[in-house]
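Close look at the chain arrangement
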Amino acid sequence: MHNMNTITDSKDSIEPLIEAHRHIKGALLPLLHAIQEKMGFIPPESVADIAKSLNLSRAEVHGVITYYHFFRSTPAGRHVVQVCQAEACQACGANELMAFAEETLGCRSHQTTPNGAVTLEPVYCLGLCASSPAVQVNDTLYARVSTNQLKILLAQLEGAT
Ligand code: FES
């Protein structure tokens, strides 16, 4: 029953967004952004409605959601830690930083800690390439992040360590 309610709620929340976008050309990306902004993720059960309203196949919609790392198919944790994995940061230790975050949090990239505290995600450029490696914790950007600094940032997040 609880699940039914959740699905109905998400349908009610998403329906007006679909209505607002359905006649716009190239609506899929703006619509997905609008849904994620409102819901925090793209509920998988909404894919069929999105596809139908935009005259696309479910596979096309699903393909776009999975292609863009930005979109989530499950709700995020209470905090989101993003470690830049794009080229400039890769050259400055981004791999080690991600490995350190995975080890410290006890979850893999793209996953949320079992207690729901932190979602760890790769991100592909935070606009701080000249000061890499870069990390974003919730809405705050950090440049030239060392593993030691990342350790301190994670320790400040409730439930992260
Ligand atoms: S490549 Fe990491 S901030 Fe641009």
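Residues numbered from 1 in each chain as written. Predicted model: local features only at pLDDT ≥ 70, side-chain atom pairs only at ≥ 80, totals over all residues. Heavy atoms only, no water.

1. Focus on the overall build of the protein
Counting its regular elements, the protein contains seven helices and four strands. What you see in the protein, going N to C, is helices and strands ordered as α-α-α-α-β-α-α-β-β-β-α. Dimensions of the protein along its principal axes, counting C-alpha atoms only, are 50 × 35 × 25 Å. Within the protein, buried positions represent 40% of all 161 residues. When the accessible area of the protein is evaluated, it comes to approximately 9,200 Å², of which 54% is carbon and sulfur surface. Between the mean site of the 11 positive side-chain charges and the mean site of the 15 negative ones, the protein shows a separation of 2 Å. (Helix = DSSP H or I, 4+ residues; strand = E, 2+ residues; numbered from the N terminus. Buried < 20%, exposed > 50% of the residue type's maximum accessible area, 1.4 Å probe, protein only. Areas by Shrake-Rupley, 256 points an atom, 1.4 Å probe, with all protein chains shown as cover. Lys, Arg positive; Asp, Glu negative; His and termini not counted. Charge placed at Lys NZ, Arg CZ, Asp CG, Glu CD.)

2. Things to note about the packing of aromatic side chains
Enumeration according to the criterion identifies three aromatic pairs in this entry. When the ring of Tyr-67 is compared with that of Tyr-68, the centres are 5.0 Å apart and the planes differ by 90 degrees; the resulting orientation is edge-to-face. Residue Tyr-67 is classed as exposed on the basis of its relative accessible area, which comes to 61%. For Tyr-68, a relative accessible area of 35% puts it in the partly exposed group. Ring geometry for Phe-70 against Phe-71: centres 5.4 Å apart, planes inclined by 75 degrees, an arrangement best described as edge-to-face. When its relative accessible area of 47% is taken as the criterion, Phe-70 is described as partly exposed. Members of the aromatic cluster, joined through ring pairs, are Tyr-67, Tyr-68, Phe-70 and Phe-71. (Phe/Tyr/Trp six-rings, centres within 6.5 Å; stacked < 30°, edge-to-face > 60°.)

3. Thoughts on the packing of helix H2 (residues 28–39) against helix H4 (residues 58–67)
Direction vectors running N to C along H2 and H4 enclose 65 degrees, while the axes themselves pass 11 Å from each other. Where H2 crosses over H4, the two elements pack in a sense that is right-handed. Residues Leu-28, Leu-29 and Leu-32 of H2 touch H4, and the partners they reach there are Val-61, Val-64 and Ile-65. For the contact of H2 with H4, the residue count by class is six nonpolar, no polar and no charged. (Axes fitted to C-alpha atoms, helices over the stretch in contact; angles between N-to-C directions. Left-handed = near helix turned anticlockwise from the far one by under 90°. Contact = heavy atoms within 4.5 Å. Nonpolar A, V, L, I, M, F, W, Y, C, P; charged D, E, K, R; others polar.)

4. Remarks on the sheet that holds strand E1 (residues 79–84)
Pairing within the open sheet is mixed, and its four strands lie in the order E2-E1-E3-E4. Strands with a single pairing partner mark the edges of an open sheet, and in this sheet they are strand E2 (118–123) and strand E4 (140–142). Here the strands of the sheet are splayed against their neighbours by 20 degrees on average, with no regard to which way each runs. Pairing between strand E3 (residues 135–137) and E4: three bridges, direction antiparallel. Looking across to E4, one finds that Val-135 is bridged to Tyr-142. On top of the sheet, helix H6 (residues 94–105) reaches E1, E2 and E3; it is set at about 165 degrees to E2, its chief contact. (Pairing = 2+ DSSP bridges.)

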